[in-house]
Amino acid sequence: MIGLISATAAGAAARDRLAAAWPERTRVYDGPVGDAVRAAFAQCEQLVCFLATGAVVRLLAPLLDDKASDPGVVCVDEGGRFAVSLLGGHGGGANTLADEVAAVLGARPVVTTATDAVGLPGLDTLGFPVEGDVAAVSRALLDGEPVALKADFGWPLPALPVTGEGRYAIRLTDRLVEPAERTVVLRPPSLVVGVGASRGAPVEEVLGLVEAALRDAGLSARSIAELATVDAKAEETGIVEAAERLGVPLVTWSAPELASVNVPNPSDAPLAAVGTPSVAEAAALVGGGELLVPKRKSAADPAMATCAVVRRPARGRLAVVGLGPGARDLLTPRAQAELRRASVLVGLDQYVDQIRDLLRPGTRILESGLGAEEERARTAVEEARKGRAVALIGSGDAGVYAMASPALAEASDDIDVIGVPGVTAALAAAAILGAPLGHDHVSISLSDLHTPWEVIERRVRAAAEADIVVTFYNPRSRGRDWQLPKALAVLAEHREATTPVGVVRNASRPDESARLTTLADLDPATVDMMTVVTVGNTATRRIAGRMVTPRGYRWQQSPRDGREETR
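Residues numbered from 1 in each chain as written. Predicted model: local features only at pLDDT ≥ 70, side-chain atom pairs only at ≥ 80, totals over all residues. Heavy atoms only, no water.

## A look at the overall build of the protein chain
Here is the rule we go by: Per the convention used, a helix needs a DSSP run of H or I reaching at least four residues, while a strand needs a run of E reaching at least two, with both numbered from the N terminus. Each residue's exposure class comes from its accessible area (1.4 Å probe, protein chains only) as a fraction of the maximum for that residue type: buried when under 20%, exposed when over 50%, partly exposed otherwise. Contacts are assigned to residue pairs that have any heavy atoms within 4.5 Å of one another. The accessible surface values rely on the Shrake-Rupley method and a 1.4 Å probe; as for residues, cover is taken only from the protein chains in view.
Along its length, the protein chain carries 18 helices and 30 strands. Each of the three principal axes of the protein chain carries a C-alpha extent, and together these read 90 × 65 × 50 Å. When the 567 residues of the protein chain are sorted by exposure, 47% land in the buried category. Of all intrachain contacts in the protein chain linking residues separated by at least 6 positions in sequence, the fraction that spans at least 24 positions is 63%. Summed over all atoms, the accessible surface of the protein chain reaches about 26,700 Å², with 50% contributed by carbon and sulfur.

Structural data, given as structure tokens:
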């Protein structure tokens, strides 16, 4: 819960806007400010104070205990201009909260945490349990000192400016090790613990068995990703409570799914009881991986629980990111987050240049020139299969005439794929022209490099006959100068010569240009590969210098001044 505190009418107005935006996340604390701050500090995970920072510092000072347990605090000035991450930037989530508050209030987030200020991910913000000297290693990264990354296995980490050697180190491991001097240990969620239990098995027996199995194998319980069992045991109290105490999800599988898994120690007992010759080993192995602890029984007599431990293979992460049409403010926050999340960036060189400043230090960039789309797609998938966090970028939306299709054609289910939508060139151009896409519309690429012209022409003709607004991508290049005139001629068979046509070049970029013309007057020679051409349907009109396609077809001439209008 987020506690909201204010002292003045102006602060209360901003407070109430935030409360209205997040009704399930927030609680307003009224009354004397000191009492409100003390109550919220004790009861909430985070606070947003609509007060001067000095006042908040004085109120919080007597309450501070430990940065690992103190709530995160964001301070918003009464003018609503700034959202300042004041306390608990990483551990308390105040840095993220400042961004969220700023987005709701139209304020500017202020984050002074050193790593965030220079674009480095905080070692305690990677989503893993972290041990060791976080402050010293973070300071070494900030100071540019060599920091070695020692990983027992691959894992999709974000970009870090690490080296092969150094006095400081980041170790990624699920082994039960104590951090060495000047070392941080990251605990990835790499272990799956399969569990079986008789009816009524006490949680102490289940939990004690799991902890003993991990300890004897030299493995850290902080790297458990999940407990897994057969679905017949989904409500077995001992297993459910063990997962809750460990703070991990409980995943269940059907008996036929587990029976299909080849295990080293099958047994007739679970086969008779739940329909599979293995529960613990099969549940741990069903997703693949290395069996580190074979089936082991609890020490009780009779034993009521079994477990097995598997190190699951690291799944690489491929984010296919649409950068939008070019303007930085049309690059979505989600796209920016994925660019910062990646350790490897793959893309066309000119697109890489657009967002190079957004990448974290240490990001490996694999860029290539025009015409290497399939090669880039293969490279991105190969890098993800190595267990890395990869971003593959494309302009507009990566799924529209861009990199998502070739990448997903290469990818299989051995990696995680995340699609990040972007503003397309057609949408950017339409916003500049007015509202040409107000009714049914279609986008057609006139490039016949990958599609035979006969297929393209058939699609243009179908759109013409169906009276659909058409946006042409890749309309004309030096080597392809006849396709656009041919496509326009096909449309002209079904539309008036006065049909509005919008031509936008470099939509949203500094050298953007746009003009409205007609189907008869458009000169194809003025169009190039940086241009989007939108041809209206029979209902599209030019109104006040804008291109508008109505949502319906009930248009008529106004008897007053001859302008078209809707009813």
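Having put the structure on the table, let's press on.
## Let's talk about the sheet that holds strand 28 (residues 546–548)
To keep it simple, the criterion reads: Think of it this way: DSSP has to see at least two bridges between two strands before they count as a pair.
Taken together, 3 strands build an open sheet; the order of strands is 21-28-27 and the sheet is mixed. The sheet is open, and its two edges are formed by strand 21 (434–435) and strand 27 (541–543), each paired on a single side. Bridge count for strand 21 against strand 28 is 2 bridges, and the pairing is parallel. By the bridge assignment, Ala435 is partnered in strand 28 with Val548.

## Digging into helix 7 (residues 203–216)
The test is simple: How far a helix is expected to stretch is found by multiplying one less than its residue total by 1.5 Å.
With 14 residues, helix 7 extends 20 Å from end C-alpha to end C-alpha; this agrees with the ideal 20 Å at 1.5 Å per step. On its buried face, helix 7 sits against strand 11 (191–197), strand 12 (224–230), helix 8 (237–246), strand 14 (290–297) and strand 15 (305–311). Of the residues trailing helix 7, Gly218 is marked for its positive phi of about 70°.

## Brief notes about the nonpolar core
This is how it is decided: Residues grouped as a nonpolar core are buried Ala, Val, Leu, Ile, Met, Phe, Trp, Tyr and Cys residues, joined through side-chain atoms within 4.5 Å.
One finds Val193 and Leu227 to be the most contacted residues of the largest nonpolar core, which totals 23 residues. Of all elements in the fold, only strand 11, helix 7, strand 12, helix 8 and strand 15 reach the threshold of two or more residues within this core. At 7 residues, helix 7 tops the list of elements feeding residues into this core. With residues up to four places along the chain from it excluded, the contact list for Val193 reads Val210, Ile224, Glu226, Leu227, Ala228, Cys307, Ala308 and Val309. Leu446, Val470, Phe472 and Val533 belong to the second largest nonpolar core, which has 21 residues in total.

## Observations regarding the environment of Thr363
Selection criterion: Polar contact is defined as a pair of N or O atoms within 3.5 Å, subject to the rule that within protein one atom must be able to donate a hydrogen and the other to accept it, and that residues adjacent in sequence are counted only when both atoms are side-chain atoms.
Within the fold, Thr363 resides in the loop between helix 13 (349–355) and strand 18 (364–368). The exposure class of Thr363 is buried, given its relative accessible area of 14%. In this structure Thr363 touches Ala159, Ala342, Ser343, Val344 and Leu345, once residues within four positions along its chain are discounted. Of note is the side chain of Thr363, whose polar atom sits 2.7 Å from the backbone oxygen of Arg360.

## Regarding the sheet that holds strand 3 (residues 46–50)
Where we set the bar: The axes used here are C-alpha line fits, helices contributing only the stretch in contact, and every angle between their N-to-C directions lies in the interval 0 to 180 degrees.
Judged by pairing direction, the sheet is mixed, and its 6 strands sit side by side in the order 2-1-3-4-5-6 without closing on themselves. Two strands bound the open sheet, and with one partner strand each, they are strand 2 (26–28) and strand 6 (108–110). The sheet shows a mean angle of 25° between the axes of neighbouring strands, direction not considered. Pairing between strand 5 (residues 82–87) and strand 6: 3 bridges, direction parallel. Among the inter-strand pairings, Ala83 is bridged to a residue of strand 6, identified as Pro109.

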